[in-house]
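# Secondary and tertiary structure notes
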Amino acid sequence: MEEQIDLVGKAFADHYYHLFDNDRPALSSLYKPSSMLIFEGHKIQGVEDITAKLTSLPFDQCRHVISTIDSQPSFSGGIVVFISGSLQLPGEEHHLRFSQMFHLIPMLEGNFYVQNDIFRLNYG
Amino acid sequence: MEEQIDSVGKAFVDHYYHLFDNDRPAMSSLYQPTSMLTFEGHKLQGVEDIITKLTQLPFDQCRRVISTVDSQPALVTGGIVVFVSGSLQLPGENHPLQFSQMFHLSPTPQGNFFVLNDIFRLNY
């Protein structure tokens, strides 16, 4: 069971950052009206506002490199995923380090949507 | 509602780290048999194993600085997800260690919360 949780967490993280780095508007498929994002302290709710926030960030291109992924089952089939890594922006010499957590809720179709999403850059 | 979630999240974080820094065995009050901790990749479940791990950690005297606390209602579970970042200054170390930690707090019948999910990572 444990390994399955890790596989799901990793598959989700890979999918999320692939969309983020290559087709950011498609991230809307991962959220629902109840979804909540806190991005560097800014609180946003719902598919539209969340997608608007993510597609309006001040960088067009980026590459997420994942350092660590930790996953745990939460409740009633849900999963919490905790990620740390670095964000590479074109032209920038230094990578930005970040941490992010997701709370994934299962859907009837067998996949997951993001109910909670919190992102923080790690400075220092 | 939003501010209440932030207050609960911050109150929990203050309480958690106060116990961690001053009375680590008392942290058993925060966990239940279903609780899970992943500490720097090491997975543990249940009050006993979690407290054993936490009381064995070499952070006997550390100065902790909390930089950010982000909280959201977990909705489906009635709980709260809390995302913390900060730094630890260990005695004898030149530079503080940055860390991130996430909690998924689940409500108890008595009206308070226990830690269902706990994930800790140092940020190198």
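The notes below deal with the structure included here. (Residues numbered from 1 in each chain as written. Chains lettered and ligands numbered in written order. Predicted model: local features only at pLDDT ≥ 70, side-chain atom pairs only at ≥ 80, totals over all residues. Heavy atoms only, no water.)

### Thoughts on the pairing of strand β2 (residues 42-45) of chain A
Residues and elements named next belong to chain A. As paired elements, strand β1 (residues 31-39) and β2 share four bridges and run antiparallel to each other. Across the sheet, Leu 37 pairs through a bridge with Ile 44, a residue of β2. Where β1 hands over to β2, the hairpin turn is made up of two residues, of which Glu 40 adopts a positive phi near 50°. (Pairing = 2+ DSSP bridges. Helix = DSSP H or I, 4+ residues; strand = E, 2+ residues; numbered from the N terminus.)

### Description of the side chain of Gln 72 of chain B
If you trace the backbone, Gln 72 of chain B turns up in strand β3 (residues 63-73). Reaching out from Gln 72 of chain B, the side chain makes a polar contact with the backbone oxygen of Asp 117 of chain A at a distance of 3.3 Å. Not counting residues within four places of it along the chain, the set of residues in contact with Gln 72 of chain B comprises Met 36, Leu 37, Ile 38, Asn 116, Asp 117 and Ile 118 of chain A together with Ile 5, Gly 79, Ile 80 and Val 81 of chain B. (Polar contact = N/O pair within 3.5 Å; in protein donor to acceptor, adjacent residues only side chain to side chain. Contact = heavy atoms within 4.5 Å.)

### As for the pairing of strand β3 (residues 63-73) of chain A
Residue and element names in this part refer to chain A. Across ten bridges, the pairing between β3 and strand β4 (residues 79-88) is antiparallel. Its bridge partner lying in β4, Ile 69 is registered against Ile 83. Counting the residues in the hairpin turn of β3 and β4 gives five residues, including Ser 76, whose phi is positive at 50°.

### Some points on the pattern of salt bridges
Taken as a whole, this structure holds seven salt bridges over all chains when the rule is applied. For Asp 70 of chain A, the salt bridge is made with Arg 121 of chain B, and the minimal N-O distance between the two is 2.7 Å. Placement of Asp 70 of chain A in strand β3 and of Arg 121 of chain B in strand β6 (residues 113-123) is noted, with the two residues assigned to different chains. Residue Asp 70 of chain A is classed as buried on the basis of its relative accessible area of 5%. (Salt bridge = Lys/Arg side-chain N within 4 Å of Asp/Glu carboxyl O. Buried < 20%, exposed > 50% of the residue type's maximum accessible area, 1.4 Å probe, protein only.)

### Structural notes on the side chain of Ser 85 of chain B
Here Ser 85 of chain B is to be found in strand β4 (residues 80-89). At 2.6 Å, the side chain of Ser 85 of chain B forms a polar contact with the side chain of Thr 68 of chain B. Leaving out residues up to four positions away in the same chain, Ser 85 of chain B has contacts with Asn 122 of chain A together with Ile 66, Ser 67, Thr 68, Phe 99 and Ser 100 of chain B.

### Thoughts on the environment of Leu 104 of chain A
Residues and elements named next belong to chain A. Its place among the elements puts Leu 104 in strand β5 (residues 96-106). A sequence separation of 57 residues divides Leu 104 from Val 47, and the C-alpha atoms of the two residues are 15 Å apart. Residues in contact with Leu 104, not counting those within four places in the same chain, are Phe 12, Gly 78, Ile 79, Val 81, Phe 112, Tyr 113 and Val 114.

### A word on empty space enclosed by the protein
All names here are of chain B. Within this structure, the stated rule accounts for one cavity of 30 Å³ or more. Volume-wise, the largest cavity comes out at about 40 Å³. Residue lining of the largest cavity: Tyr 16, Tyr 17, Phe 20, Phe 39, Phe 59, Arg 64, Leu 88, Gln 101 and Phe 120, and that is the complete set. The dominant element in the lining of the largest cavity, judged by the number of residues it contributes, is helix α1 (residues 2-22), at three residues. When its residues are assigned to classes, the lining of the largest cavity shows seven nonpolar, one polar and one charged. (1 Å grid on protein atoms, 1.4 Å probe; cavity = no way out; pocket = protein on both sides within 12 Å on 5 of 7 lines; lining within 4 Å. Points joined across faces, edges and corners; volume = space filled by probe spheres on them. Nonpolar A, V, L, I, M, F, W, Y, C, P; charged D, E, K, R; others polar.)

### Re the interface of chain B and chain A
Accessible area lost upon the coming together of the parts serves often as the stated size of an interface. Counting from both sides, the interface comprises 31 residues of chain B and, opposite them, 31 residues of chain A. Both sides of the chain B and chain A interface together cover about 2700 Å² of buried area, and 58% of this is carbon and sulfur. When residues of chain B are sorted by the area they lose upon contact with chain A, Lys 43, Gln 72 and Phe 83 of chain B head the list and together hold 22% of the total. Here chain B and chain A share four salt bridges between them. With a shortest N-O distance of 2.8 Å, Asp 70 of chain B and Arg 120 of chain A are connected by a salt bridge. At the boundary of chain B with chain A, the tally comes to 17 residue pairs in polar contact (both at pLDDT 80 or more). Breaking the side of chain B that touches chain A down by element, the ones donating at least two residues are α1, β1 (31-39), β3, β4, β5 (97-107) and β6 of chain B. Here the side of chain B that touches chain A takes six residues from β6 of chain B, the largest share from any one element. Taken together, the residues that form the side of chain B that touches chain A break down as twelve nonpolar, 13 polar and six charged. (Buried area = accessible area lost by both parts, 1.4 Å probe.)

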